[in-house]
Amino acid sequence: MTRTPSGLFPSGPPYRPVWREPHPVTGPGVAAGAALAAAWLLLFGLLGRDVPGYAWWTVVAGALAWAAALVLVRYGDRGVATGVAIVTAGGWSIAFAIVVVRWATSSNWPMW
């Protein structure tokens, strides 16, 4: 009579295949995505000639960057998408802080 092993001491390979992620999140991927997103936001931010222009260009650039990050999450490298998302959120925070400081110093909402 053959006894079924308990599994405490495996005697062979697993019965089910082990799934490995094709594009794991790595530090260099996150750094590459962060660097590209920072350059992207910088280039778009330089198009603005004043605070409202800078803020709107940053919002547009961030929306495009997040759209690219969503595509990368689904079909590409999730590490790069993570770097893009983190830096884009930081860029939006900086733009928001600049708008709030202008609003606080001038008592006039600068976005319209």
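Let us look at the structure shown here. (Residues numbered from 1 in each chain as written. Predicted model: local features only at pLDDT ≥ 70, side-chain atom pairs only at ≥ 80, totals over all residues. Heavy atoms only, no water.)

Notes on the nonpolar core
Right, so step 1: Grouped together as the largest cluster of nonpolar side chains are six residues: Ala37, Ala65, Ala69, Val80, Ala81 and Val84.
Right, so step 2: Put simply, the parts of the chain that give this core at least two residues each are helix 2 (51-75) and helix 3 (78-106).
Right, so step 3: The element best represented in this core is helix 3, accounting for three residues.
Right, so step 4: Ignoring any residue separated from it by four or fewer positions in sequence, one finds Ala65 in contact with Trp40, Val84 and Thr88. (Core = buried A, V, L, I, M, F, W, Y, C linked by side-chain atoms within 4.5 Å. Buried < 20%, exposed > 50% of the residue type's maximum accessible area, 1.4 Å probe, protein only. Helix = DSSP H or I, 4+ residues; strand = E, 2+ residues; numbered from the N terminus. Contact = heavy atoms within 4.5 Å.)

Points about the packing of helix 2 against helix 3
Right, so step 1: At a minimum axis separation of 9 Å, helix 2 and helix 3 run at an interaxial angle of 165 degrees. Between helix 2 and helix 3, the angle falls in the class roughly antiparallel. In the crossing of helix 2 with helix 3, the sense of the turn from one axis to the other is left-handed.
Right, so step 2: Grouping the constituent residues of the contact of helix 2 with helix 3 by class yields 20 nonpolar, four polar and two charged. (Axes fitted to C-alpha atoms, helices over the stretch in contact; angles between N-to-C directions. Parallel < 35°, antiparallel > 145°, perpendicular 65-115°, else oblique. Left-handed = near helix turned anticlockwise from the far one by under 90°. Nonpolar A, V, L, I, M, F, W, Y, C, P; charged D, E, K, R; others polar.)

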